[in-house]
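# Understanding the architecture of this molecule
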Amino acid sequence: MRILVTNDDGIYAPGLAALAEAVSVFGETLIVAPLAEQSGVSHSITYLTPLLARVIERDGRVYGHAVAGSPADCVKLAVLELCPERPDLVVSGINSGSNSGIDVLYSGTVAAAIEGAFFGIPAIAVSLTTDSPPDYPKAVRLVGELIGQILELQPRPGSLWNVNLPDSRAGWPVGVRVVPISLARDRDVMIRRIDPRGRTYYWPDVDDSVRTPHHPDSDVEALAAGFATITPLQFDLTDRDMLAGLQARNWRFPQE
Ligand code: MN
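Please read all numbers here as calculations on a predicted model, not as lab measurements.

With the exception of glycine, most residues fall at negative phi, and the peptide bonds are largely trans. Here the residue pair Gly93 and Ile94 is connected by a cis peptide bond, since its omega of -15° sits within 30 degrees of zero. Considering the arrangement of structural elements, one finds Ile94 in strand β5 (residues 89-96). Phi at Ser42 takes a positive value of approximately 55°, unusual for a residue other than glycine. Mapped onto the elements, Ser42 comes out in the loop between β2 (28-34) and β3 (53-58). Not every positive phi belongs to a glycine, and Asp59 is a case in point at roughly 55°. Positionally, Asp59 belongs in the loop between β3 and β4 (61-67).

The textbook angles at a metal center are 109.5 degrees for a tetrahedron of four donors and 90 or 180 degrees for an octahedron of six. Protein-derived ligands of the manganese ion are Asp8 (OD), Asp9 (OD), Ser39 (OG) and Asn95 (OD1), with the metal-ligand distances lying across 2.1 to 2.3 Å. The sequence motif formed by the donor residues of the manganese ion is D-D-x29-S-x55-N. A residue pair is termed long-range when its members are at least 10 positions apart, and Ser39 in the loop between β2 and β3 and Asn95 in strand β5 qualify at 56 residues. The class of Ser39 is partly exposed, set by a relative accessible area of 35%. The exposure class assigned to Asn95 is buried, which follows from its relative accessible area of 7%.

So, about the layout of surface pockets. One water molecule sets the probe size; rolling that probe over the atoms shows where empty space is left. Roughly 1,200 Å³ of volume is contained in the largest pocket. Considering the residues around the largest pocket, the lining is formed by 40 residues, among which Ser98, Ser100, Asp103, Asp186 and Val206 are closest to the centre. Only β5, α3 (103-106), β10 (200-206) and α6 (219-224) provide two or more residues apiece to the lining of the largest pocket. Of the residues forming the lining of the largest pocket, the biggest block, 3 residues, is contributed by α6. Taken together, the residues of the lining of the largest pocket break down into 10 nonpolar, 16 polar and 14 charged. For the second largest pocket, the calculated volume is near 470 Å³. For the second largest pocket, the lining is made up of 19 residues, of which Leu105, Ile114, Gln234, Phe235 and Leu237 are closest to its centre. Counting only elements with at least two residues in the lining of the second largest pocket, the list comes to α3, α4 (108-118) and β11 (228-233).

This brings us to helix α1 (residues 14-23). Burial within α1 is extensive, with 7 of its 10 residues counted as buried. Looking at α1, one finds that the buried residues are Gly15, Leu16, Ala18, Leu19, Ala20, Ala22 and Val23.

With that settled, consider a nonpolar patch on the surface. Taken together, the side chains of Ile45, Tyr47 and Leu48 present a nonpolar region at the surface, about 400 Å² in accessible area. Take Tyr47: it is sitting in the loop between β2 and β3. For Tyr47, a relative accessible area of 64% translates into the label exposed.

With that out of the way, let us pick up the side chain of Ser70. Tracing the sequence through the fold places Ser70 in the loop between β4 and α2 (71-82). Separated by 2.6 Å, the side chain of Ser70 and the backbone oxygen of Ser44 make a polar contact. Ignoring any residue separated from it by four or fewer positions in sequence, one finds Ser70 in contact with Pro34, Gln38, Val41, Ser44, Ile45 and Thr46.

With that settled, consider the nonpolar core. Ranked by size, the top nonpolar core spans 34 residues in total, and within it Val5, Leu19, Val91, Ile124 and Ile147 carry the most contacts. Top element by residues in this core is helix α5 (residues 136-152). It accounts for 9 residues. Excluding anything up to four places from it in sequence, Ile147 contacts Leu19, Val23, Phe26, Val91, Ile124 and Val126. With 21 residues, the next largest nonpolar core counts Leu4, Val32, Ala78 and Ala117 among its residues.

Thresholds, definitions, all that
- Residues numbered from 1 in each chain as written.
- Predicted model: local features only at pLDDT ≥ 70, side-chain atom pairs only at ≥ 80, totals over all residues.
- Heavy atoms only, no water.
- Helix = DSSP H or I, 4+ residues; strand = E, 2+ residues; numbered from the N terminus.
- Donors = N, O, S within 2.8 Å, 3.2 Å for Na, K, Ca; no water.
- Buried < 20%, exposed > 50% of the residue type's maximum accessible area, 1.4 Å probe, protein only.
- 1 Å grid on protein atoms, 1.4 Å probe; cavity = no way out; pocket = protein on both sides within 12 Å on 5 of 7 lines; lining within 4 Å.
- Points joined across faces, edges and corners; volume = space filled by probe spheres on them.
- Nonpolar A, V, L, I, M, F, W, Y, C, P; charged D, E, K, R; others polar.
- Patch = residues over 30% accessible without salt bridge, like charges linked within 9 Å, V, L, I, M, F, W, Y side chains within 5 Å.
- Areas by Shrake-Rupley, 256 points an atom, 1.4 Å probe, with all protein chains shown as cover.
- Salt bridge = Lys/Arg side-chain N within 4 Å of Asp/Glu carboxyl O.
- Polar contact = N/O pair within 3.5 Å; in protein donor to acceptor, adjacent residues only side chain to side chain.
- Contact = heavy atoms within 4.5 Å.
- Core = buried A, V, L, I, M, F, W, Y, C linked by side-chain atoms within 4.5 Å.

Below is the structure:
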């Protein structure tokens, strides 16, 4: 099995090496990852400027390709150009920080997996909750085990999986829960300051003095309770419930 390994934290991130190690037992890995951190860039792509890529060595051996672009760029470039053969699996992570709830939509880690799924390749995004310092050796074991079980299911082409591990501090995960993403919005705030030149600037932040109520059967709650989570995702944004009713309407223009 040929496995493309990418992330959004950048090619030097320890989580990327951990993920490559975790999946190396399942096949041949190729790392193609952003040169610089791309957290929160979601599914952005580079098309106004050329995309530069270069080989990165570690300990005198080829480690992977660093791409001066987004996670989605990395997967596109890898599948179309850098992979000697089309990969059978795309894995993205291990992100430093969970990707749960609506953060899934901002996530570059998940976007890289979505890009793999666009190509019809099964794709898995993996993130680690980092409320305390991450324990990557432990994460390697847990992630290897979960990805092995996903592969046992023979994931269909283009299927998309979001995997989160709970915080390392809690010890071994309580278990695994398959749950939908939480749709509750945290209390987003903008911290307003004045810079030395008198201009107003803003830092986006979250007010966590009030706990956001999340659905008990959601990824956010399961992670908080010490479970690892698996969420099957899909990228078809079409509202199927509205579609038929709207198609039945007589849409019209003014008379010419
Ligand atoms: Mn990240």
